[in-house]
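Reading the structure
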Amino acid sequence: MVQMRSLQEALDAPRERRAAPSELGDAPADGLVASIFARHQKSPQPQSQQLCAILTAVLDVLRAEGLQATPTALYAALMSSLEKQETLQNSEVTAAMCHLLSLVLGRVPNAVLRAKLAPSAQLLAAVVEAKSSEAPIVKPALACLCQVLAAATAADWLAAAPAFNLLLGFCVDTRPKVRKAAQAGLVDVLAGAQAQQAVLSHASEAVVKVCQRVLPGPEAAARAAAAAPSKKRAQAEAAITKAVSDTLHLLEALKQTLFLLSGKAALLQHTGAPLEAVDCLMWTVAPGLERSCPSAASICELLLKLFPLRQPLLSRHASDALSALAASSASHLSPRALSELVAAVVQQEAAFDRKDLDLTLALTRFLETALTRLHELDAALSAARLPRAVHLLVPQLGAEQDTARFAASQCLRNLVNECIDEDMIAAALERGAGGGKAPAPLQSVVSAVEGSLGARYQDAWESCLPVVAELIERLGRPGAALAGGLVQRVGELCAGAEDADEEGAEAGEEGAGARDQVAVAAQNALGAAMRALGPEAVLAALPLNLIEGLEGTAEARTWLLPLLRLHVRGAHLGYWHQHLMPLARTLANRAGVAARDPARKREASICLALEGQVWATLPSFASWALDTAEAFRQHAKELAAVFERRPEVRPAILTALRRLCVQNKLALKAHGQQVGFPDPSNVRDDEACVEEEQAHLDIPDTYTQEVAQRNLKAVQALARNWLPLLLNAFLSTPPAARTQLEATISAYACVADAATLAQLFRAAITKLIKVTEQAQSGELGPDAVLEGGDTPTERRCTFMEASLALAGGLDDKALATLHKAARPGLQEKDPAVQKKAYKILAYICEHRGAYMEAHFQDVLETVVAGMATSVSAAKRYRLRCLKAVILALARPGSAPAVELGDDDSDAMSPEDKAKQVVASMVGEIILCVKESNKKTRLAAYQLLVEIGHALHEAQPPVLIDAADEDMGEGSTARVGGGGLHTLFTMVLGGLVGATPHMVSASVMALARLLFEFAPTLAGLVPELLPAVVMLLRSKAREVIKSVLGFVKVVVMRLPVDSLMPFIPQIMEGILLWCEDSKNKFRLKVRVILERLARRCGFEALEPHIPEAHRKLLTHIRKQTGRKERRKSEAGSQMDWEEAEETRSRTSRGAQTQAKTARTGDWDEGVFSDEEGEDAGTVASGKTAKTAGRQSAAPSRGGRRQPAGRLPASQSAEPVDLLDMDVSRKLARVAAGRAPASSREGGDDFERDGAGRMVIKEEKVKGGKRKRDDHGFDEDDSDFEDLKGFTGLSLALKGAKSVALAPSIAASLGNRSLGAKSAGAKTLGGKYLGARSAKSAGGRSARSEQQRGRERGMQHSGDRFRAKKKGTGGDVKGSSGVEPYAYWPLDRKMLNRRQQKSKGAQKGLEKIIAAAKDGAAKGRKAKRAKT
């Protein structure tokens, strides 16, 4: 019997440190009691009320006994109460007591629990057994029992064993809540026993015994059912159901506890012969070892026996349990045992072949987790088991279910990445060099993956190729010798896809091969091989064979050249010079020889195109090249000679030089070493580099600081040779083709030595001064500079660009000279000269901060002096200068001093001077938002935003008390003042400008600032909006357009609560223009109304819209409803924001209105004449019915339609799958092309995926009909009559017949199809050059008005009239066309204006009259005949 005093005495014993729940010791339980009351006292549930009542009673008893309410005292009181029979008779009280006890036991010290573990466990077990049928009691009682058992020691296990066995019995209970409570308690007991190996061993042995009793149950029940007579069939089936159910419940518990079981030997009692696995599932034991298995291993053996039963649920849950065991880092399973477990699972090939998707996925997950974990424990054992697992997983890449394919692909990629290491690669290379030894594990893995690219897995190539790419990347350069076969297989697939692409292009299906997923995956895999193995290994396995292809002795792999250009980096520059440069030279010589022979013109063009593609690979080999220091120095002279002699290959050489400079500078900068100054070429158009260049800016790990320093020294040493050569080419090149030259000179100047650069800059600036003097005087002296252009302006701009290109390496002294030389150009009226001058000044202001700070006053004077003379072409660069000056003045605490130069400014503070300068520049920025150049407008908007942010940070806003201000109802304070408020006030002053242009620009600038800083500037809108809305009564249409854009921004960005008071003013202003269609004002008003309705609700707009305009609001409501109905019918899923907006349209109260404004990026289209998607929907009432339709992609779980198979051979010979050409043929079929052999026959028709025949009109040479380049058929008489009709080629593309083509062409307004260029093909099908562009239809010299008059008369029938006088009727003429007449439909005929309709009907009366006359003559002839 549990006594409170005996428990109190146990507290005096030495306490041991226990787990977290008991670390509180036996402190007072005030916090526990308070938390229980806080949680349950206010609950209306009877169970909570009963719990509080029992806790109150226990506390009263403790006070009566004079004991403090400690966890131990509460524990003793509750246990004493549970011993009483009257307590057990009341189920509600018993459940409440058990629940309360489970809350208290977590605070009881371990010493107390161990002191009374035997009676406590016995009592709680008795309660559980007595109330086993009542789940509300069993669940908390099991929780109490588990907490007591968790404190057991080895000495207490004899008393705790019955209770633990009882707990294991409830782990397979049929009641879910009871079962989950027992399983969670089992986890707690085993987790608490991890520190006590003896207890863990006993508990694990008990779990093993339960598994031995339950897990073989399904097999035994099945055998018993098979032997049972028919009368006992139902009983036998019930036994099977019970056994399977218990097994599933136990498997659920094993998922959580298997990794916690003991790893020590627990001898199992086996009878008879040693345990053998069913279907070759033998648990392998090393020879000489005793037959003793760890507990987890023993259970794994039992789990493996479930697979041969072919029960999907059992196999799946068993796999999940094994995966949990393998994945846990706390598992006690030894590496050898885990290795044997993997070996046993790998032998389950039949499980993978059952087409049970869930089981396949479970086994795949197990292999991935087990092998990854085994590699962490023992890499040698993992390497031994990896090949068999890979051979088992590779066939799953061709499974019917996409999910299985994806899982197998991901598993193989992870295994390759995690389990293959350097030691494994070294062992494979050593074994391969040894000769006749058995293959190494890695060789077997490579062989299995290489086999996945065979004909058997044709449908799965898309899933196999990522695995191949991962394996190639893992092998890397050390394992390049092992990847030769993989590279060859991938190359065959690429070649086959290229052939399919070429055939598709010939058939008129342009781009079909490029869109093919297999081709893309193959190219990506080959690109991975080029990056990982290096181009040397790839070209060794797949030679280019360009010369052999021209001679016809081998097939050229021209498709490799674009891949080399895209994917090679980190290679050796010397390899290109030794192998590819001689190839380019040979092609050039061959082209020169062929060009002299008229019969070999095509060969000459092909050779030149191939040479260009070979040279295009040079920049990729120069990208992060490790041997630049040696190769560049060795071959620079040869490159320079080619650069000077061959202008057509200069772009490749320039790109290579630029990458050498930029990449080495970037690598040193990453290591903290700054080289030169910012590159001036990167300032141009705010585009640092194109996407292809961006891909080459990631620094490889192998490119160390030492390598970068060594390579940069080699580049700097040759600067004195390369920079003069580049500058001479720059001067002799037309201005439109100097972009790459300028960028390369700028990059080279940033890394060149100061002495070389100073000499070149001195020469350039001297010539610039001379050219400037020549332009100003208009006379050419004896030493006049004539290079750089044909006119003085061109020459002046050329030397200014050359000087700027060298600025990246100049010091401040030389930069001052450049600034001085560019200053006169700022006052020039010539736009080109002024633009170049401002370009120089923009670079100085933005990227040379030290010079800018030291010469700020000079720069400021230069900028201010150019305010009145700046032209539109230079505004964009001038805005950059203004940006630098304003941001410098806005810096808090470090703004430079400003001298204004007038007497009134002497008394001004530095802050006031800075504000005055900024204010004078803001007006110019505002006017720039109305510039015609889009980039200038965007720069002006961006500059306003950046100035706003800078001023906002420099002078944050403050809270202004609004007690004395009229801020609206309920407002007491607002955010005001600060730098942003000052800027907004400056812009606001433009509203009183003298010209509509200034007013319009100010409104647009205000809208941009309000869009960006809506939360901060919202308090100014009540004062600003009425004044802006009043401008809607202006007569200037540009002001009206700007104000409508401003109102749209207000509607978009202001909160609904702030927007509601201004709805009357907004409605009154915008409805003035709702009937004006010019400049699309009517459309803009509709867009604003729709946005207002979307945010505030239609009900908020109705009281403020006049009766004359209610139809407009009704129309918008109908259009919105139709759009919503279409979305709901199509089952489209709207995002949260759109759903909120939809509810706001139909809302009737403020509770359902949209509260927040839509956020997004600024769109300049707010002020344009074009509106967005929603505007078009509101205006036209049309919705794209097919916009929401998407191609139904097959689900991963669904079955995949197999791709086309290789057709059977026409002859009796079987298909040789070992032939090297088979992969290419299969690639053609996978790309959707029929093999050449199948197309030659006339019996098989091409069909699409749905089985329908595909009929194409192709150009066929010979005696068949064909059309010329203009689409005319030379044998068709209709075309003979229609030749020369302007726009007929365009009309033929949409006409269903030849007869309808002229009318379609007429309706198109005889428009031309436009120039469309197509590329000539290389030997391998790639485009080598551009053909001459030609138009499919010409444009007539007649006016549009004249064509409109004659549009309908072209088919009036006049051309069929008899030419001879005195004859009547119609004649066919030389063309043989039957006489006809028709009048094409023209919508102008329905126009209400008589002038328009009369013009469209002109000539129609003749046709009608002729038809009537013909009909009358026919009737007369008929009567005469009869």
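Residues numbered from 1 in each chain as written. Predicted model: local features only at pLDDT ≥ 70, side-chain atom pairs only at ≥ 80, totals over all residues. Heavy atoms only, no water.

1. Considerations on the overall build of the protein
How we decide: Here a helix means four or more residues in a row that DSSP labels H or I, a strand means two or more in a row labelled E, and each is numbered from the N terminus. Burial here depends on accessible area, computed with a 1.4 Å probe over protein chains only, as a share of the maximum for the residue type. Under 20% is buried, over 50% is exposed, and the range in between is partly exposed. Residues are treated as being in contact if the distance between any of their heavy atoms lies within 4.5 Å. For the accessible areas, the method is Shrake-Rupley and the probe is 1.4 Å, while residue cover comes only from the protein chains on display.
Helix and strand counts for the protein stand at 68 helices and six strands. Each of the 1426 residues in the protein was classed as buried or not, and the buried ones make up 48%. Here the contacts in the protein between residues at least 6 apart in sequence split such that 71% fall between residues at least 24 apart. Split by element, the accessible area of the protein, about 70600 Å² in all, is 52% carbon and sulfur.

2. What about the pattern of salt bridges?
What counts is decided by this rule: We count a salt bridge whenever a side-chain nitrogen from Lys or Arg sits within 4 Å of a carboxyl oxygen from Asp or Glu.
Applying the stated criterion across every chain, the model contains 32 salt bridges. Of the charged contacts, one joins glutamate 924 and arginine 878 as a salt bridge, the two residues approaching to 2.4 Å between their closest N and O atoms. Highlighted residues: glutamate 924 in helix α47 (residues 910-928) and arginine 878 in helix α46 (residues 875-889), separated in sequence by 46 residues. Across the pair, exposure class does not vary: glutamate 924 and arginine 878 are buried alike. Among the charged side chains, a network of salt bridges with common partners joins Glu252, Lys255, Asp320 and Arg365.

3. Let's talk about a positive patch on the surface
Definition in use: For patches, a residue must show more than 30% relative accessible area and have no salt bridge; joins then use 9 Å for like charges and 5 Å for nonpolar side chains, namely Val, Leu, Ile, Met, Phe, Trp and Tyr. Counting rule applied: Lys, Arg positive; Asp, Glu negative; His and chain ends not counted. A charge is said to be at NZ when it belongs to Lys, at CZ for Arg, at CG for Asp and at CD for Glu.
Residues Lys1118, Arg1122, Arg1125 and Arg1126 make up a contiguous surface patch of positive charge. Structurally, arginine 1125 is set in helix α58 (residues 1110-1130).

4. Focus on helix α4 (residues 71-82)
Using the following cut-off: For a helix, the expected span equals 1.5 Å multiplied by the residue count minus one.
Helix length check: α4, at 12 residues, gives a terminal C-alpha distance of 16 Å against a target of 16 Å (1.5 Å per residue), a fit within 8%. The buried fraction of α4 is high, at 12 of 12 residues. Residues of α4 that are buried include every one of Pro71, Thr72, Ala73, Leu74, Tyr75, Ala76, Ala77, Leu78, Met79, Ser80, Ser81 and Leu82, and no others.

5. Quick notes on the packing of aromatic side chains
To be explicit about the condition: Two rings belonging to Phe, Tyr or Trp (six-membered ring only in the last case) form a pair when the distance between their centres is within 6.5 Å. Interplanar angles under 30 degrees mark stacking, angles over 60 mark edge-to-face geometry, and anything in between is tilted. Here, a charge over a ring means that NZ of Lys or CZ of Arg falls within 6 Å of the ring centre while also lying within 35 degrees of the ring normal.
Summed over the entire model, instances satisfying the criterion amount to five aromatic pairs. Ring geometry for phenylalanine 643 and tryptophan 722: centres 6.1 Å apart, planes at 75 degrees, overall edge-to-face. Here phenylalanine 643, found in helix α34 (residues 628-645), pairs with tryptophan 722, found in helix α38 (residues 719-732); they are 79 residues apart in sequence, far enough to count as distant. As far as burial versus exposure is concerned, phenylalanine 643 and tryptophan 722 are alike and both buried. The ring of phenylalanine 730 carries arginine 738 above its face, with NZ or CZ at 5.0 Å from the centroid. In this arrangement the basic side chain of arginine 1053 is found over the ring face of phenylalanine 1011, its NZ or CZ atom lying 5.1 Å from the centre.

6. What about the nonpolar core?
Worth spelling out the cut-off: By nonpolar core is meant a set of buried Ala, Val, Leu, Ile, Met, Phe, Trp, Tyr and Cys residues that side-chain atoms within 4.5 Å join together.
With 375 residues, the main nonpolar core has Phe164, Leu303, Leu526, Trp615, Trp722 and Tyr748 as its most contacted residues. Setting aside residues no more than four positions away along its own chain, tryptophan 722 makes contact with Phe632, Ala636, Leu639, Ala640, Phe643, Ile653, Leu657 and Tyr748.

7. With respect to α34
Keep this limit in mind: A residue's bend is the angle separating two fitted axes: one through the seven residues that end there, the other through the seven that start there.
Maximum bend of α34: about 50 degrees, positioned at alanine 636. Among all positions of α34, only Thr628, Ala629, Ala631, Phe632, His635, Ala636, Leu639, Ala640, Val642 and Phe643 are buried.

8. Considerations on the packing of helix α31 (residues 573-595) against α34
Our working definition: All axes are obtained by fitting lines to C-alpha atoms, using only the stretch in contact for helices, and the reported angles, taken between N-to-C directions, cover 0 to 180 degrees. Under this scheme an angle from 65 to 115 degrees is roughly perpendicular, one under 35 degrees roughly parallel, and one over 145 degrees roughly antiparallel; angles in between are oblique. Note on convention: near helix rotated counterclockwise from far helix by under a right angle means a left-handed crossing. Clockwise means right-handed.
For the pair α31 and α34, interaxial distance at closest approach is 10 Å and the crossing angle is 25 degrees. Here α31 is positioned roughly parallel relative to α34, judged by the angle of their axes. In the packing of α31 onto α34, the handedness of the crossing is left-handed. Judged by residue contacts, Leu573, Gly574, His577, Met581 and Arg585 of α31 engage Ala631, Phe632, His635, Glu638, Leu639 and Val642 from α34.

9. What about the state of the cysteines?
Heads up, the condition is: Any two cysteine sulfur atoms lying within 2.5 Å of each other are counted as a disulfide.
Throughout the structure, instances matching the rule amount to zero disulfides. In this structure cysteine 419 is not part of a disulfide, and its nearest cysteine sulfur, from cysteine 411, lies 9.0 Å away.

10. A few points about unusual backbone geometry
Residue asparagine 545 is not a glycine yet carries a positive backbone phi of 55 degrees. Examined against the element boundaries, asparagine 545 turns out to sit in the loop between α28 (535-541) and α29 (546-551). Backbone geometry places tryptophan 624, a non-glycine residue, at a positive phi of 55 degrees. Mapping tryptophan 624 onto the fold places it in the loop between α33 (618-622) and α34.

11. Points about the environment of valine 992
Topologically, valine 992 is positioned in the loop between α49 (978-988) and α50 (996-1012). Separated by 10 residues in sequence, valine 992 and serine 1002 place their C-alpha atoms 9.3 Å apart.

12. Here we look at the packing of helix α53 (residues 1037-1053) against helix α56 (residues 1081-1096)
Heads up, the rule is: Throughout this entry, Asp, Glu, Lys and Arg are counted as charged residues, while Ala, Val, Leu, Ile, Met, Phe, Trp, Tyr, Cys and Pro are counted as nonpolar. The remaining residues, Gly among them, count as polar.
It is at 10 Å that the axes of α53 and α56 come closest, and there the two elements cross at 15 degrees. One way to sum up the angle between α53 and α56 is to call them roughly parallel. By crossing handedness, the relation of α53 to α56 is classed as left-handed. Contact residues: Arg1037, Ile1040, Lys1041, Leu1044, Val1047, Lys1048, Val1051, Met1052 and Arg1053 in α53; Phe1081, Lys1084, Val1085, Val1087, Ile1088, Arg1091, Leu1092 and Arg1095 in α56. Split by residue class, the contact of α53 with α56 holds 10 nonpolar, no polar and seven charged.

13. Some details on the confidence of the model for the protein
A low pLDDT means the predicted coordinates there should not be read in detail. Selection criterion: On a scale of 0 to 100, pLDDT captures the predictor's confidence in every residue.
This prediction gives the protein a mean pLDDT of 76; 74% of its residues lie at or above 70. Predicted confidence is poor over residues 264-293, with pLDDT under 50, and the contacts of this stretch with residues over four places away or in other chains come to 42 contacts. Here residues 1233-1243 is modelled with pLDDT under 50, and outside its nearest four sequence neighbours on either side it reaches 14 contacts, counting other chains as well.

14. Considering the side chain of lysine 665
Structurally, lysine 665 can be placed in helix α35 (residues 650-670). Despite its burial, lysine 665 pairs with no opposite charge; the closest candidate is aspartate 679, at 6.3 Å N-O. Beyond its immediate stretch of four places on either side in the chain, lysine 665 contacts Val675, Phe677, Pro678, Asp679, Cys750 and Val751.

15. Here's the deal with the environment of leucine 393
Looking at the element boundaries, leucine 393 is found in helix α20 (residues 379-393). According to the relative accessible area criterion, leucine 393 is buried, its value standing at 0%. Sequence-wise, leucine 393 and leucine 363 are 30 residues apart; in three dimensions their C-alpha atoms are separated by 9.9 Å. If sequence neighbours within four positions are ignored, leucine 393 has contacts with Thr364, Leu367, Ala408, Cys411, Leu412 and Leu415.

16. Structural notes on the environment of proline 996
Relative to the helices and strands, proline 996 is located in helix α50. Considering only alpha carbons, one finds proline 996 and arginine 1037, 41 residues apart in sequence, at a separation of 8.9 Å. Among all residues touching proline 996, those that are not within four sequence positions of it are Ala1036, Glu1038 and Val1039.

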